[in-house]
Amino acid sequence: MKVKYHGLTEEFDQKRLKALRQYDILDTFPEQDYDDMTRLAAIICDTPIALVSLVDKDRQWFKSRHGLGAEETHRQHSFCSHAIISPDEPFIIEDSRLDDRFKDNPLVTGAPDVIFYAGIPLKSHDGYGIGSFCVIDNVPRKLNDKQMEALKILARQVTNLLEMRRAKAEMDIKAELLELKTKKLDETVAKKVAEALKKQQG
């Protein structure tokens, strides 16, 4: 079976992408709720960068980015694409220059100089890793227990925001379907009334 990225099969990745699409969030405008989470994570963990990263087909796109100008990067170079492989476990790289998976990565050897990475996978309601809530530094680092716990708490809040968005999207679709059904029913009733009146007049 064809492998897509970092050990994920193409079939599995298609299911994962389908789960991501349910949130209808890719390429949306910045939102204060998400930006508050990344800013708070950067403050607590004392890192220059914090991100809400969503792993799309061939890119990672940032719903929120604190301390980073880029809106997206290629998935091939993404640390977050490694994080989503095990969506129930934090993904920590204390010094990427010592890790064979990352030491030649252009995000490590050049800007934004990702040396330290700590990511909490963002998991869809049906268990797929769709992205990561992460903090990044330009020097080797470790998070203490309190910082790690805070990062997990904030990641849960980001997941809650995503789930509220998915629920709203589902309700909007149901409302549109109900409106169409109602309109069709009204048209059917009107047609029958018109036919009945025509028969009476005839």
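See the structure printed just above.
First, a word on scope: everything that follows refers to the structure included in this document. (Residues numbered from 1 in each chain as written. Predicted model: local features only at pLDDT ≥ 70, side-chain atom pairs only at ≥ 80, totals over all residues. Heavy atoms only, no water.)

1. Quick word on helix α1 (residues 10-21)
No. 1: An ideal rise of 1.5 Å per residue puts 16 Å on 12 residues; α1 measures up with 16 Å between its terminal C-alpha atoms.
No. 2: Within the sequence span of α1, burial applies to D13, R16, L17, A19 and L20. Seen along its axis, α1 keeps its buried residues to an arc of 155°; they face one direction.
No. 3: Next to the buried residues of α1 lie β1 (49-55) and β6 (129-137). (Helix = DSSP H or I, 4+ residues; strand = E, 2+ residues; numbered from the N terminus. Expected span 1.5 Å × (residues − 1). Buried < 20%, exposed > 50% of the residue type's maximum accessible area, 1.4 Å probe, protein only. Arc of directions from axis to C-beta. Contact = heavy atoms within 4.5 Å.)

2. Side note on the side chain of S124
No. 1: Relative to the elements of secondary structure, S124 occurs in the loop between β5 (116-123) and β6.
No. 2: Exposure remark for S124: the relative accessible area of 4% places this residue in the buried category.
No. 3: Not counting the four nearest positions on each side in its chain, S124 is found in contact with A19, Y23, I130 and E163.

3. Thoughts on the sheet that holds strand β3 (residues 72-74)
Strand pairs in the sheet, formed through backbone hydrogen bonds, run parallel or antiparallel to each other.
No. 1: Strands sit in the order β3-β2-β1-β6-β5-β4 across an open sheet of six strands; the sheet is antiparallel. Since the sheet does not close on itself, it has two edges, and those belong to β3 and β4 (91-93), each with one partner. In this sheet, neighbouring strand axes are inclined to one another by 25° on average, regardless of whether the strands run parallel or antiparallel.
No. 2: For strand β2 (residues 59-66) and β3, the ladder comprises three bridges, and the chain directions are antiparallel. Across the sheet, Q60 pairs through a bridge with T73, a residue of β3.
No. 3: Here α1 sits on the sheet in contact with β1 and β6, set at roughly 115° to β1.
No. 4: Contacts from helix α2 (residues 32-45) reach β1, β2 and β6, with the element oriented near 75° to β2. (Pairing = 2+ DSSP bridges. Axes fitted to C-alpha atoms, helices over the stretch in contact; angles between N-to-C directions.)

4. Considerations on the nonpolar core
Across soluble globular proteins, you tend to see nonpolar side chains buried next to one another.
No. 1: Counting residues in hydrophobic clusters, the biggest one holds 29 residues, and the most contacted among them are L122, F133, V135, L143, L151, V158 and L162.
No. 2: Looking at this core, the elements that each hand over two or more residues are α1, α2, β1, β5, β6 and α5 (145-201).
No. 3: For this core, the element with the most residues is α5, which contributes seven residues.
No. 4: Core analysis: the next-biggest nonpolar cluster, separate from the first, contains 20 residues, I84, L107, V108 and Y117 among them. (Core = buried A, V, L, I, M, F, W, Y, C linked by side-chain atoms within 4.5 Å.)

5. Notes on α2
No. 1: The terminal C-alpha atoms of α2 lie 20 Å apart, and with 14 residues this matches the ideal 20 Å at 1.5 Å per residue to within 8%.
No. 2: The complete set of buried residues in α2 reads Y34, M37, T38, A41, A42 and C45. The buried residues of α2 occupy an angular sector of 130° when the element is viewed end-on, so they sit on one face. Projecting away from the buried face of α2 at angles above 90 degrees are the exposed residues Q32, R39 and I43.
No. 3: One or two steps after α2, the chain reaches D46, where phi turns positive at roughly 55°.

That's the geometry; what it means functionally is another story.
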